[in-house]
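Listed below, chain by chain, are the residues.
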Amino acid sequence: MNICNKPHNKIAPEDLGEAVPEVKVQRARRNGWSWPLHLFQILAWLLFLFFALVGFGILVPLLPRHWLPAGYICPGVCFIYHLIVHLTAVSIDPADANVREKNYLGPLATFNRNQHTHVIENHHCHVCDVDVSAKSKHCGTCNKCVCGFDHHCKWLNNCVGERNYWLFLNSVLSAILGLGLLLLVAFYVFVEFFVDPTVLRSDQHFDALRNHMDRWFVFLPASPVETQAPAILVTAGIFILLSLVTLILLGHLLTFHIYLLWHKLTTYEYILQQRPQQQPEKVDKK
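Every residue gets a number counted from 1 within its own chain, in the order that chain's sequence is written. A pLDDT threshold of at least 70 governs which residues receive local features in this predicted model, and a stricter bar of 80 or more applies before side-chain atom pairs are shown or counted, although totals over entire chains, interfaces and linings include all residues. For the side-chain quantities, the full set of heavy atoms in the structure was used; hydrogens and water were omitted.

A. Highlighting the packing of helix α1 (residues 39-59) against helix α2 (residues 68-91). Lines fitted to C-alpha atoms define the axes here, with helix axes fitted over just the stretch in contact, and angles between the N-to-C directions of these axes take values from 0 to 180 degrees. The helix and strand labels rest on DSSP assignments: H or I over at least four residues marks a helix, E over at least two residues marks a strand, and numbering proceeds from the N terminus. Running from N to C, α1 and α2 cross one another at 165°; their axes reach a closest spacing of 12 Å. Regarding the angle of α1 to α2, the classification is roughly antiparallel. Judged by the twist between their axes, the crossing of α1 over α2 is left-handed. Contacts from Q41, W45, F48, F51, A52 and F56 of α1 reach α2 at G71, Y72, P75, G76, F79, H82, L83, H86, L87 and V90. Residues are grouped as follows: nonpolar covers Ala, Val, Leu, Ile, Met, Phe, Trp, Tyr, Cys and Pro; charged covers Asp, Glu, Lys and Arg; every other residue, Gly included, is treated as polar. Tallied by class, residues from the contact of α1 with α2 come to eleven nonpolar, five polar and no charged. Note on terminology: angles under 35 degrees are roughly parallel, angles over 145 are roughly antiparallel, angles of 65 to 115 are roughly perpendicular, and the others are oblique. Handedness of a crossing follows from how the near helix is turned relative to the far one, being left-handed for an anticlockwise turn of less than a right angle and right-handed for a clockwise one. Note on contacts: a residue pair is in contact if any heavy atoms of the two residues lie within 4.5 Å.

B. The arrangement of unusual backbone geometry in detail. Note that the residue after W35, namely P36, is joined by a cis bond; omega there is 0°. Among the secondary structure elements, P36 is positioned in the loop between β1 (11-12) and α1. Phi at F219 is positive, roughly 60°, even though this residue is not glycine. At K264, a position not held by glycine, the phi torsion is positive, near 55°. With respect to the element layout, K264 can be found in the loop between α5 (229-262) and α6 (267-285). In this scheme, a residue with accessible area under 20% of its type's maximum is buried, one over 50% is exposed, and one in between is partly exposed, where area comes from a 1.4 Å probe on protein chains only. A relative accessible area of 56% means that K264 is categorised as exposed.

C. Broad picture of the pattern of salt bridges. What counts as a salt bridge is simple: a side-chain nitrogen of Lys or Arg found within 4 Å of a carboxyl oxygen of Asp or Glu. Counted according to the given criterion, the structure contains two salt bridges. Note that R215 is salt-bridged to E226, the shortest N-O span being 2.6 Å. Here the residue R215 occupies a position in strand β9 (residues 215-218), and E226 occupies one in strand β10 (residues 225-228), the gap between them amounting to eleven residues. Judged by its relative accessible area of 26%, R215 is partly exposed. When its relative accessible area of 39% is taken as the criterion, E226 is described as partly exposed.

In structure tokens form, the structure reads like this:
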């Protein structure tokens, strides 16, 4: 599906509000690593590290021995794939081809509403100062024209457009699969902790603690660290709660984009369609 071949060429809004009246940023951002980093981007990496560290360092090693290969391989493949596509989606420059050909990282023109109605007119961007394709929109956050603009993702700290849209979707899908598998492991460990905790102590390091059920090991088998039973329980509980919240949000996002793909829309076009419906509602409320 070609998500670029759309007629709208107005400036793309930073969020779900009104279009940005003036582009005040004087320099453009190349990709998601350009400063400033967004708080959501940092939070996303912290969550990834937490899920990977707790999942593969604490929960999976507590599985029975015959389940360990599947416990490491299945969610591990999903996490590695997610890391690759996520990094690629962040690192790609989604700008229009003509914008990428020029040195657009230097000082740019300031858009003046008094001189022009829209940032892009007759396929020419007055800020980037280049001719762009009919598929491009100007992102007010990155201050550059993006081909096939879908939305500016704060979690990637980068625009999602034609060049990285499928990477973005693969990143969401792989995160759901990997985290969902680890959530099953966390549920199993949490329940088995009350039913029969000896099942979770199949590693050889627990042989020395057979008479001490209140003492456990984490980060098995490479770097065993001794801890207390409540720590395992609390860690599994926190992991389950964060996983559920994250999966609900990611599932909602994936469902929304499946809806957009089915109707051959981008997020930006969906927002434009909703605006005429929102205007009468506001008037009625007043």
